[in-house]
Amino acid sequence: MKKLGITVFAAVLLWSLPAAVGANNHSDQVPDHVAEKVPAQAGFSDTDDDYWASESIGKMQTKDIFQGYDDGTFRPGNHVTRMQTIITAVRLLGLEEEAQEKDVEASVSLDDDNYFKNGRNEWAKGYVLVALEQGLLDTNETTLDANEPAKRVWVASTLVRALGLEEEALEAMTETPDFKDANAIPDGAVGYANIADEYDIIGGTKDDLFQPNKPITRAQMATVLDRTYDIWLEEEAQTVQGELVNHDEEERLLTLNSEEGETDYSYGEDFSVSFEGSYIGPDQLEEGDILSLQLIDNEIEGASVSTEETEESVSGTKLNMTGDVGEFNPSEDIDDPTHDPALIEHDGTYYVFSTGISRSEEDPGGIYVRKSEENPGGEWESMGEIEVPDWVMNYDWLESEGTPTHLWAPAVTEKDGTVYLYYAASQFGTNQSAIGVASTDDPSSLESWEDHGPVVESEEGDDYNAIDGSPVYADGQWWLTFGSYWEGVKLQALNDNMTEVEGEMHWLQDRNYEVNAVEAPNIVERDGFYYLFTSWDTCCAGTDSTYKIAVGRSDSITGPYVDRDGTPLKGEGDIQNGGTIILDTEDNQIGPGGQDVYHDENSDTYYLAHHYYDGNDDGTPRLQIRELAWTEDGWPVAREYD
């Protein structure tokens with residue numbers, strides 16, 4: 001692969017002038033030891049920190065690969081021309097200085113409607129010459145079409161060549177691309193589209209389209225360049241992590257104490273450090289910072305400040321679960337697995353509500369209940385199920401699917417002494433769904449629950465799925481978050497009676513994949529932040545399940561939510577979402593998910609209740625409860641470390 005450099009020089013171009021602007025301050029979301037660091041740039045006036053591509057825009061600007069305009073704007077929706085694409089590709093290769101030193105009298109082999117005639121656009125000629133020398137352009141092209149909008153397939157082809165992947169692209173020419181519009185990809189570009197997709201340079205849309213002839217925008221170009229840069233860095237760079245013990249700014253040297261001992265690493269004049277989704281100058285580094293460096297020939301090509309403590313310093317606690325935490329043994333007529341648990345303490349007793357036992361359309365399983373006196377670890381005792389309400393049996397279900405055979409995914413909360421239980425009724429695989437609610441003053445009695453009917457509903461044509469409802473109190477208002485697949489996680493206010501949603505529906509999270517596998521949202525508040533926990537990927541497949549639990553946070557209940565790296569949880573455009581994974585398969589506990597985070601105010605403990613598929617017992621769903629730990633910068637830790 002070609003070696004890419006990040007020490008590049010800004011060309012004085014009307015479309016790409018360096019500007020003293022960049023990303024917003026994230027210091028309210030960082031630990032104390034780095035809280036005083038201030039990003040080296042402030043946001044463009046038309047792409048604030050919440051903009052879907054802001055991180056990539058800031059990163060490419062900081063590395064002088066793709067700049068904004070001299071009026072402080074980035075103009076993210078403007079189309080990128082083919083000439084601009086060539087310039088950014090040359091910059092990625094670290095060859096801008098060479099391009100600027102080219103003889104402007106040299107001839108260009110491409111006849112491009114007199115683009116360079118009579119001395120016009122001489123500043124651009126060197127970039128074209130370098131691009132030709134480096135094999136970035138298709139040798140079968142006879143014109144440059146410099147001012148034409150750059151189409152997605154042309155950009156993909158150019159960057160595949162820049163990464164030295166042309167041989168792989170040529171080998172992939174006979175493979176049919178996995179896109180609905182594969183026939184629209186020109187024959188000579190099929191292999192490049194395949195490799196661009198394989199390496200995640202440019203992939204398909206949520207609708208599984210490549211859109212080869214669609215012009216690329218400046219925001220999209222920034223993300224594509226960002227990915228291309230990261231691909232190279234991962235392939236070519238050596239990564240070293242350690243504690244900063246000395247910084248010689250005059251000599252531009254960082255001394256890190258790592259596994260290799262104390263070692264000096266040099267950096268260039270335009271050096272900046274990634275920090276919480278933005279970039280800081282080297283003058284803000286302090287002794288004691290934990291740095292991750294990407295090195296080429298012992299020189300720093302990329303760097304980031306770590307805000308994470310080591311695994312050994314913070315550890316969650318996996319409770320020793322006893323009693324009935326879920327069993328399935330058909331030969332002994334035992335069928336009470338624990339799936340999608342919801343935890344609450346009431347009058348000294350802990351209760352877990354879980355998905356009902358799947359039986360039949362005529363006799364669907366109601367929400368199942370367990371209790372444990374005083375101890376969330378158990379001894380857990382099965383209480384049985386809450387009766388399925390009449391509205392579920394009489395609901396307008398799709399005739400092709402039949403009545404649901406059980407209720408799903410409960411969530412529970414307490415308001416003014418009354419316990420409210422939210423649950424889902426749905427036809428699996430569709431969004432013909434509804435979230436209902438019941439209430440009681442005495443959760444120890446299965447017969448005491450009063451049902452209030454549907455709270456929120458969805459049907460074919462809606463962009464959401466009304467299941468996995470979970471209530472949360474914030475800003476003097478009760479809210480319900482819900483959603484599964486479709487367009488992800490939604491949030492809507494509840495009325496005073498907790499029985500209906502009202503007002504605007506807010507969109508909190510979307511993984512922005514074709515299969516948008518995010519569900520089971522649950523929000524809790526801690527120290528001024530709202531933490532959104534979700535389950536990702538495949539549930540309900542026993543030991544083949546790939547469920548995992550992720551988290552992001554916001555200082556506003558309505559978002560935007562970001563993960564620990566500052567990546568938004570709501571993916572947009574060509575960007576997939578962020579999310580910090582806090583729990584995945586470990587040992588016999590396969591596919592943990594369907595989680596509920598419960599704040600026990602008596603002990604100020606945050607409990608994470610989740611199901612898992614027992615790898616030691618044919619994937620039986622069982623209950624696990626953990627005490628969450630919290631890092632210095634306020635992020636939850638679920639795993640238990642030795």
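Here the residue numbers are simple positions, counted from 1 along each chain's written sequence. Predicted model: local features are reported for residues with pLDDT of at least 70 only, side-chain atom pairs are reported and counted for 80 or more only, and whole-chain, interface and lining totals are derived from all residues. Neither water nor hydrogens contribute to the side-chain values; these are computed over all heavy atoms in the structure.

Here the focus is the packing of helix α2 (residues 82–92) against helix α5 (residues 152–162). Throughout, an axis means a line fitted to C-alpha atoms (over the contacting stretch in the case of helices), and angles, computed between N-to-C directions, take values from 0 to 180 degrees. Numbering of helices and strands starts at the N terminus; helices are DSSP runs of H or I of at least 4 residues and strands are runs of E of at least 2. Direction vectors running N to C along α2 and α5 enclose 20 degrees, while the axes themselves pass 10 Å from each other. Compared by their axis directions, α2 and α5 come out roughly parallel. Crossing hand, α2 versus α5: right-handed. Mapping the contact onto sequence places Arg-82, Thr-85, Ile-86, Ala-89 and Leu-92 in α2 and Trp-154, Val-155, Thr-158 and Leu-159 in α5. As a working rule, the residues Ala, Val, Leu, Ile, Met, Phe, Trp, Tyr, Cys and Pro are called nonpolar, Asp, Glu, Lys and Arg charged, and the rest polar, with Gly in that last group. Classifying every residue of the contact of α2 with α5 by side-chain character gives 6 nonpolar, 2 polar and 1 charged. Angle categories: roughly parallel below 35 degrees, roughly antiparallel above 145, roughly perpendicular from 65 to 115, and oblique for all the rest. Crossings are assigned a handedness: left-handed for a near helix turned anticlockwise from the far helix by less than a right angle, right-handed for a clockwise turn. Contacts: residue pairs with any heavy atoms within 4.5 Å of one another.

What follows concerns the packing of aromatic side chains. Any two rings among Phe, Tyr and Trp, with Trp reduced to its six-membered ring, count as a pair given centres within 6.5 Å; such a pair is stacked if its planes are under 30 degrees apart, edge-to-face if over 60, and tilted if neither. Considering all chains together, one arrives at 19 aromatic pairs under this definition. Note on Phe-66 and Phe-74: the rings are 5.6 Å apart at their centroids and 85 degrees apart in plane angle, and the pair reads as edge-to-face. Each member of the pair, Phe-66 together with Phe-74, is buried. With a centroid separation of 6.4 Å and 65 degrees between ring planes, the pair formed by Phe-529 and Tyr-531 is classed as edge-to-face. A residue is classified by how much of its surface remains accessible, and Tyr-531, at 1% relative accessible area, is buried. In this structure an aromatic cluster arises from ring pairing among Phe-529, Tyr-531, Tyr-606, Trp-630 and Trp-635. By definition, being over a ring means that NZ of Lys or CZ of Arg is both within 6 Å of the ring centre and within 35 degrees of the ring normal. Lying across the ring of Phe-529, Arg-553 places its NZ or CZ 3.9 Å from the centre. For every residue, the accessible area obtained with a 1.4 Å probe (protein chains only) is divided by the maximum for its type, and the residue is called buried under 20%, exposed over 50%, and partly exposed between those limits.

This paragraph deals with the pattern of salt bridges. Salt-bridge detection follows one rule: a side-chain nitrogen of Lys or Arg within 4 Å of a carboxyl oxygen of Asp or Glu. The final tally for this structure, using the stated rule, is 21 salt bridges. Lys-490 is paired through a salt bridge with Glu-487; the nearest N and O atoms lie 4.0 Å apart. According to the relative accessible area criterion, Lys-490 is buried, its value standing at 5%. Among the ionic pairs, Asp-527 bridges to Arg-526, the shortest N-O distance being 3.5 Å.

Glancing now at the sheet that holds strand β23 (residues 518–526). Two strands qualify as a pair provided DSSP detects at least 2 bridges between them. Across the sheet, 4 strands lie side by side as β23-β24-β25-β26; this open sheet has antiparallel pairing. For this open sheet the edge positions go to β23 and β26 (580–583), each flanked by a neighbour on one side alone. Going from strand to strand, the sheet's axes swing by 30 degrees on average, the running direction of each strand aside. As paired elements, strand β25 (residues 548–554) and β26 share 3 bridges and run antiparallel to each other. Following the sheet pairing, Val-551 is matched in β26 by Thr-580.

Attention now moves to the side chain of Thr-81. You can see Thr-81 is positioned in the loop between α1 (54–62) and α2. Overall, the relative accessible area of 16% leaves Thr-81 in the buried class. In contact with Thr-81, not counting residues within four places along its chain, are Ala-146, Asn-147, Glu-148, Pro-149 and Ala-150.

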